[in-house]
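Single-letter residue listing:
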Amino acid sequence: MSDSQVRVLAADDHVLLRTALCNLLTREPDITVVGEAGDGPMAVHQAIQLQPDVILLDLEMPGPGPIETVRQLKTAVPDSRIVVLTMHDDDDLVHSLLSEGAFGYLHKSATREVLLAAVRSAVAGGTTLFTPQRPSARPPRPTAAPEPQNVLTSRELEVLTCVAEAMSNRQIGRRLGITEGTVKRHLRNIFTKLEATTRLDAVNKAQSARLIGR
């Protein structure tokens with residue numbers, strides 16, 4: 001995968017939604033939309049031709065079905081990372097798609113920041129899961145928030161604040177005046193301290209603990 005540009009294939013049968021998605025992605029200096037598709041077979045064909053880093057795949061497109069489409073994509077372009085977009089909140093489908101190799105499952109109510117974080121996380125090998133929060137039958141037990149000074153350094157908090165703004169490692173480095181390698185080192189430390197698995201997970205945990213703002 002390219003170190004400088006994330007090459008994305010956008011697959012959605014709704015033209016207006018697909019256009020809006022592409023417009024959102026192309027605003028990011030480190031993301032390039034290399035192709036579009038309106039159904040499952042076209043997504044596979046385009047993926048073979050274009051070899052994208054990330055495939056944003058709508059589940060409701062015409063074709064053989066979401067699981068089979070993901071299987072075909074993984075066979076055809078095993079190095080591409082698939083992030084699924086859907087209006088459905090189905091636990092069984094989520095687990096099935098992730099077990100087939102998808103790197104993300106995003107409900108279409110996700111924000112711009114969540115989408116961009118999921119794309120960048122997929123490139124780095126992380127998995128992002130975003131579904132609408134369901135009402136709980138009983139209120140959650142309160143948990144003590146860790147003290148900021150005991151968890152993250154001031155620089156790590158600066159890095160994580162940039163991550164919450166959906167900035168890439170390169171953009172973070174430019175803002176803070178540090179190298180991308182240093183950014184990655186800070187992120188590794190952040191993941192370890194917060195026991196986070198993805199950038200989005202780290203942001204969510206830090207915000208829940210009031211280490212950074214929402």
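Details of the structure are given in the entry above.
What counts and what doesn't
- Residues numbered from 1 in each chain as written.
- Predicted model: local features only at pLDDT ≥ 70, side-chain atom pairs only at ≥ 80, totals over all residues.
- Heavy atoms only, no water.
- Core = buried A, V, L, I, M, F, W, Y, C linked by side-chain atoms within 4.5 Å.
- Buried < 20%, exposed > 50% of the residue type's maximum accessible area, 1.4 Å probe, protein only.
- Helix = DSSP H or I, 4+ residues; strand = E, 2+ residues; numbered from the N terminus.
- Contact = heavy atoms within 4.5 Å.
- Pairing = 2+ DSSP bridges.
- Axes fitted to C-alpha atoms, helices over the stretch in contact; angles between N-to-C directions.
- Phe/Tyr/Trp six-rings, centres within 6.5 Å; stacked < 30°, edge-to-face > 60°.
- Lys NZ or Arg CZ within 6 Å of the ring centre and 35° of its normal.
- Expected span 1.5 Å × (residues − 1).
- Arc of directions from axis to C-beta.
- Salt bridge = Lys/Arg side-chain N within 4 Å of Asp/Glu carboxyl O.
- Right-handed = clockwise from strand over helix to strand, strands pointing away.

## Focus: the nonpolar core
Part 1 of the argument: In terms of nonpolar packing, the biggest core is built from 23 residues, with V8, L25, V54, L56, L115 and V119 touching the most fellow members.
Part 2 of the argument: Going through the elements one at a time, strand 1 (6-11), helix 1 (15-26), strand 2 (31-37), strand 3 (54-58), strand 4 (81-86) and helix 5 (112-123) are the ones with two or more residues in this core.
Part 3 of the argument: Among the elements that take part in this core, helix 5 stands out by supplying six residues, more than any other.
Part 4 of the argument: Residues within four places of V54 in sequence aside, it is in contact with V6, R7, V8, L9, R81, V83, V119, A122 and V123.
Part 5 of the argument: Grouped together as the second largest cluster of nonpolar side chains are 21 residues, L187, I190, V203 and L211 included.

## Quick notes on the sheet that holds strand 6 (residues 128-130)
Part 1 of the argument: Across the sheet, six strands lie side by side as 2-1-3-4-5-6; this open sheet has parallel pairing. In this open sheet, the two edge strands, each paired with only one partner strand, are strand 2 and strand 6. Shown here is a sheet whose adjacent strand axes are inclined to one another by a mean of 20°, direction ignored.
Part 2 of the argument: Each of strand 4, strand 5 (104-107) and strand 6 is contacted by helix 4 (residues 91-99), which is oriented at about 150° to strand 5, the strand it contacts most.

## Thoughts on the packing of aromatic side chains
Part 1 of the argument: As enumerated under the stated definition, the model contains zero aromatic pairs in all.
Part 2 of the argument: A cation sits over an aromatic face here: R81 above F103, 4.7 Å from the ring centre.

## Here we look at helix 1
Part 1 of the argument: The end-to-end C-alpha distance of helix 1, which contains twelve residues, comes to 16 Å, matching closely the 16 Å that a straight helix rising 1.5 Å per residue would cover.
Part 2 of the argument: Of the residues making up helix 1, those classed as buried are R18, L21, C22, L24 and L25. The buried residues of helix 1 occupy one face: seen down the axis, they fall within an arc of 160°.
Part 3 of the argument: Of the surrounding elements, those touching the buried residues of helix 1 are strand 1, strand 2, strand 3, strand 4 and helix 5.

## Some details on the pattern of salt bridges
Part 1 of the argument: By the definition in use, this model includes 14 salt bridges.
Part 2 of the argument: A salt bridge links D12 to K108, with the nearest nitrogen and oxygen atoms 3.2 Å apart. In this pair, D12 sits in the loop between strand 1 and helix 1 while K108 sits in the loop between strand 5 and helix 5, placing the two residues 96 residues apart along the sequence.
Part 3 of the argument: For D12, a relative accessible area of 5% puts it in the buried group.
Part 4 of the argument: Assessed through its relative accessible area of 28%, K108 is described here as partly exposed.
Part 5 of the argument: In this structure, E68 engages R71 in a salt bridge whose closest nitrogen and oxygen atoms are separated by 3.9 Å. One end of the pair, E68, and the other, R71, are both in helix 3 (residues 66-76), three residues apart, so they sit about a helical turn from each other.
Part 6 of the argument: You can call E68 partly exposed: its relative accessible area is 31%.
Part 7 of the argument: Here the residues in one salt-bridge network are E28, D30, R112, E113 and R120, joined through shared partners.

## A short note on the pairing of strand 1
Part 1 of the argument: Where burial is concerned, most of strand 1 is hidden: five out of the six residues are buried.
Part 2 of the argument: Here strand 1 pairs with strand 2 via six bridges, running parallel. Residue pairing in the sheet places A11 in a bridge with A37 of strand 2.
Part 3 of the argument: At this point the chain moves from strand 1, through helix 1, to the parallel strand 2, and the crossover so formed is right-handed.
Part 4 of the argument: Judged from the four bridges that link them, strand 1 and strand 3 form a sheet pairing that is parallel. Across the sheet, residue V8 finds its bridge partner in strand 3, namely V54.

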